[in-house]
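So the chains spell out like this:
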Amino acid sequence: MSNAQHLANVMVTAFIDAVNRGIDLIPVVADSTSTAKIAPFIKAFPDRLVNVGIAEQTLVGTAAGLALAGKVAVTCNAAPFLVSRANEQVKVDVCYNNTNVKLFGLNAGASYGPLASTHHSIDDIAVMRGFGNIEIYAPSCPLECRQIIDYALEHQGPVYIRLDGKDLPQLHDENYRFKPGQIDPLRAGHDIALVAMGSTVHEAVNAAMQLAEQDISAGVIAIPSIRPCDTQQLRNLLNHYPAVITLEEHNVSGGVGSLVAEVLAEGGCGIPLLRLGIPDGEYAIAGDRASTRAHHGIDAASVVNSAVRICTGAST
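Residues numbered from 1 in each chain as written. Predicted model: local features only at pLDDT ≥ 70, side-chain atom pairs only at ≥ 80, totals over all residues. Heavy atoms only, no water.

S.K.: Can you explain the overall build of the chain? Please cite residues and give values.
M.R.: Regarding its fold elements, the chain presents 13 helices and 14 strands. Relative to the globule expectation of 20 Å for 316 residues, the C-alpha radius of gyration of the chain, 19 Å, shows essentially globular dimensions. In terms of its C-alpha atoms, the chain occupies a principal-axis envelope of roughly 65 × 35 × 35 Å. Looking at the chain as a whole, 56% of its 316 residues qualify as buried. Here the chain has roughly 12400 Å² of accessible surface; of this, 50% comes from carbon and sulfur atoms. Mean positive and mean negative side-chain charge positions of the chain (21 and 31 charges, respectively) differ by 4 Å. (Helix = DSSP H or I, 4+ residues; strand = E, 2+ residues; numbered from the N terminus. Rg over C-alpha atoms; globule rule 2.2 N^0.38 Å. Buried < 20%, exposed > 50% of the residue type's maximum accessible area, 1.4 Å probe, protein only. Areas by Shrake-Rupley, 256 points an atom, 1.4 Å probe, with all protein chains shown as cover. Lys, Arg positive; Asp, Glu negative; His and termini not counted. Charge placed at Lys NZ, Arg CZ, Asp CG, Glu CD.)

Dropping the structure here:
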């Protein structure tokens, strides 16, 4: 589908609409107004933004304090700095103390491209899964993103939302309804399942269409809700396939690949699994998005090649 949008723009529109319907929302930024694309919110509500400067620990601590004062506090800054520099504050001030803070990890994955490893966020899901008491989401398109944000702003308690840093086209029509925990089967198949989160769902969809031209029926399963996650639904979906590939712009440990491996292992499912992502012990390369994904085997063409190898091997 078309209608591509930057998810940060979706986020800001959701914030404006939330305040207009009576939610006492306060965005907190760490000198990240351009990253957050927050200018329209500042224009609408100039007294509601808190900018702590380049101080991510202060960002999270301030948000926790605002939440304890009854506000709906939202942090809006780059995922790599939120997760690494404010790690202890997220753990203690937000998760342990169960404050009503919504953490937005902007420009996640390798969105920053040539700025390289210091600016890549390929461990955020793994880190957040290691913390207790926080819900974790990774929308794959603008419509889903808006629904996740609307839910998060009404939900009482900590939430982390991973947002990609590029424009994403729609994957869902107006009838789609996001539900926390629910798995999103986007395309049915029977030869192999492609499981992804966030922006790499688009690579999975493109790969499935290319595989169809080679008479390989690939299902596509998106996991927008990392925690909570309906693992029984996921297991039931995967049990229909003889093999599974996961792909993510994230380290292969701790992300969607790990989640799927856990579900298959704990369910006693003897289904072959290939996890595609940033390999253990490596960092994403410094390059544009297409080059980075091709190098690490998580672009559509690489996924097609992997799926063909698996399906061909399974049939001989």
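S.K.: Any details on the sheet that holds strand E13 (residues 244-251)? Residues and values, ideally.
M.R.: Ordered by their spatial adjacency, 5 strands build an open sheet running E9-E11-E10-E13-E14, and the pairing between neighbours is mixed. Of all strands in the sheet, those with a lone pairing partner are strand E9 (184-187) and strand E14 (273-278), marking the two edges. With direction set aside, neighbouring strand axes in the sheet form an average angle of 25°. The pairing of E9 with strand E11 (residues 218-222) spans 3 bridges and is antiparallel. Pairing of Pro185 across the sheet is with Ile221, part of E11. Strands in contact with helix H9 (residues 200-212) are E9, strand E10 (192-196), E11 and E13; relative to E10, the strand with the most contacts, it is inclined by about 160°. Most of the contacts of helix H10 (residues 231-238) go to E11, to which it runs at about 170°, and overall it touches E9, E10, E11 and E13. (Pairing = 2+ DSSP bridges. Axes fitted to C-alpha atoms, helices over the stretch in contact; angles between N-to-C directions. Contact = heavy atoms within 4.5 Å.)

S.K.: Help me get a handle on the sheet that holds strand E12 (residues 225-227), residues and values and all.
M.R.: Taken together, 7 strands build an open sheet; the order of strands is E3-E2-E4-E5-E7-E6-E12 and the sheet is mixed. Taken across any chain shown, the strands that pair with only one partner, and hence form the sheet edges, are strand E3 (50-51) and E12. Relative to E12, strand E6 (residues 135-137) is paired through 2 bridges, and the arrangement is antiparallel. Within the sheet, the bridge partner assigned to Ile136 lies in E12 and is Arg227.

S.K.: Mind laying out the environment of Asp173, listing which residues take part and the relevant values?
M.R.: Within the secondary structure layout, Asp173 lies in the loop between strand E8 (167-168) and E9. Remark: the alpha-carbon pair of Asp173 and Leu143, spanning 30 residues in sequence, is separated by 8.0 Å. A distance of 2.8 Å separates the side chain of Asp173 from the backbone nitrogen of Asn175, its partner in a polar contact. (Polar contact = N/O pair within 3.5 Å; in protein donor to acceptor, adjacent residues only side chain to side chain.)

S.K.: Got a sec to walk through the pattern of salt bridges? Specific residues and values, please.
M.R.: Within this structure, the stated rule accounts for 13 salt bridges. Between Arg289 and Asp164 there is a salt bridge, and its shortest N-O distance comes to 3.3 Å. Remark: Asp164 occurs in the loop between strand E7 (159-162) and E8 and Arg289 occurs in helix H12 (residues 289-295); sequence separation between them is 125 residues. Grouping residues by exposure puts Arg289 and Asp164 together as buried. One continuous salt-bridge network, built from bridges that share partners, spans Asp17, Arg21, Arg146, Asp150 and Glu154. (Salt bridge = Lys/Arg side-chain N within 4 Å of Asp/Glu carboxyl O.)

S.K.: Give a detailed account of the side chain of Ser258, specifying residues and quantitative values.
M.R.: Note on placement: Ser258 falls in helix H11 (residues 256-266). In this structure the side chain of Ser258 is engaged in a polar contact, spanning 3.4 Å, whose partner is the backbone oxygen of Val252. Among residues more than four places away in sequence, those in contact with Ser258 are Arg129, Val252, Ser253 and Arg275.

S.K.: Quick one: what's the story with the pairing of strand E5 (residues 101-106), residue by residue and with numbers?
M.R.: Within E5, 6 of the 6 residues are buried, which leaves it mostly tucked inside the rest of the structure. The two faces of E5 match: Val101, Leu103 and Gly105 on one face and Lys102, Phe104 and Leu106 on the other face are all buried. Judged from the 6 bridges that link them, strand E4 (residues 72-78) and E5 form a sheet pairing that is parallel. Directly across from Asn77, in E5, lies its bridge partner Gly105. Relative to E7, E5 runs parallel, the two sharing 4 bridges. From the neighbouring strand, Leu103 faces E7, where its bridge partner is Tyr160.

S.K.: Now, about unusual backbone geometry: what can you tell me, with residues and values included?
M.R.: Looking along the chain, the bond that leaves Arg227 and enters Pro228 is cis, with omega of 0°. Mapped onto the secondary structure, Pro228 falls in the loop between E12 and H10. With a phi close to 75°, Ala116 is a non-glycine residue in the positive phi region. Take Ala116: it is sitting in the loop between E5 and helix H7 (124-130).

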